[in-house]
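Spelled out, the chains give:
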Amino acid sequence: MIHRVHFRAFVSVTEDEERVRRALSIFVPIDHIRSSRASGYYGNPITILEAELRRKEGLEFIHMLREQLSAGELSRLRREIPERVDEDCKLHLRLDKQAAYRGMVRLSEAGDAIDVSVHAATYPSRYEEAVRLLREII
């Protein structure tokens, strides 16, 4: 059902990397988080934190979303699934980094968020099948 779930969060120079790691750790084990360095548009240093869950662990993340998102956010996410799934059968969403640090799960539209892509396992890859599958499990 779920092939993998990929998480990515950017840590700007004004943020505490450990706090962002802690925010990510409510979704993935802390030892799954890897980091890399990049430079921003103006040469400012940026740390990129990434992690991935596969199959069963990815499905457990989906269950967490279902249980912890508010009824309104869950309804909105379900309604927006067709617009959030790309041609590679990946569902894209953003989670609030500050809320995650406090142990809560909230959707976000802000750029400074935890980017999540959920890759639905459909063979062959088909948009319609991915949308149907994701609607069933979310």
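In short, a report on the structure. (Residues numbered from 1 in each chain as written. Predicted model: local features only at pLDDT ≥ 70, side-chain atom pairs only at ≥ 80, totals over all residues. Heavy atoms only, no water.)

## Points about the nonpolar core
- Grouped together as the largest cluster of nonpolar side chains are 40 residues, with contacts concentrated most on Phe7, Phe27, Phe61, Leu95, Ile114, Val118 and Leu134.
- Within the residue set of this core, elements represented by two or more residues are strand E1 (2-11), helix H1 (17-24), strand E3 (45-54), helix H2 (55-68), helix H3 (71-84), strand E4 (90-96), strand E5 (113-120) and helix H5 (127-137).
- Discounting chain neighbours no more than four positions away, the residues touching Phe61 are Val5, Phe7, Phe27, Leu53, Leu95, Val116 and Val118. (Core = buried A, V, L, I, M, F, W, Y, C linked by side-chain atoms within 4.5 Å. Buried < 20%, exposed > 50% of the residue type's maximum accessible area, 1.4 Å probe, protein only. Helix = DSSP H or I, 4+ residues; strand = E, 2+ residues; numbered from the N terminus. Contact = heavy atoms within 4.5 Å.)

## Examining unusual backbone geometry
- Even without being glycine, Arg55 reaches a positive phi, approximately 35°.
- Topologically, Arg55 is positioned in helix H2.

## A closer look at the pattern of salt bridges
- Evaluation of the coordinates by the stated rule reveals 16 salt bridges.
- Across the salt bridge formed by Glu17 and Arg37, the nearest N and O atoms sit 3.4 Å from each other. Taken together, the residues span a long stretch of sequence, with Glu17 in helix H1 and Arg37 in strand E2 (residues 34-39) at a distance of 20 residues.
- A relative accessible area of 60% means that Arg37 is categorised as exposed.
- Taking the shortest distance from any N to any O, the salt bridge between Glu109 and Arg84 comes out at 3.4 Å. Placement of the pair is Glu109 in the loop between helix H4 (97-101) and E5 and Arg84 in helix H3, with a sequence separation of 25 residues. (Salt bridge = Lys/Arg side-chain N within 4 Å of Asp/Glu carboxyl O.)

## A look at the packing of aromatic side chains
- If you walk through the whole model with that rule in mind, you get four aromatic pairs.
- Between Phe27 and Phe61 the ring centres are 5.8 Å apart and the planes differ by 80°, which places this aromatic pair in the edge-to-face class. Highlighted residues: Phe27 in the loop between H1 and E2 and Phe61 in helix H2, separated in sequence by 34 residues.
- Its relative accessible area of 7% is what places Phe27 among the buried residues.
- For Phe61, a relative accessible area of 2% gives the class buried. (Phe/Tyr/Trp six-rings, centres within 6.5 Å; stacked < 30°, edge-to-face > 60°.)

## Considerations on H5
- Residues of H5 that are buried include every one of Ala130, Val131, Leu133, Leu134 and Ile137, and no others. With its buried residues spanning 165° around the axis, H5 presents them on a single face. Of the residues in H5, the exposed ones pointing more than 90 degrees away from the buried face are Glu128 and Glu136.
- Buried positions along H5 lie against E1, H2, H3, E4 and E5. (Arc of directions from axis to C-beta.)

These results come straight from atomic positions and should not be treated as a statement about function.
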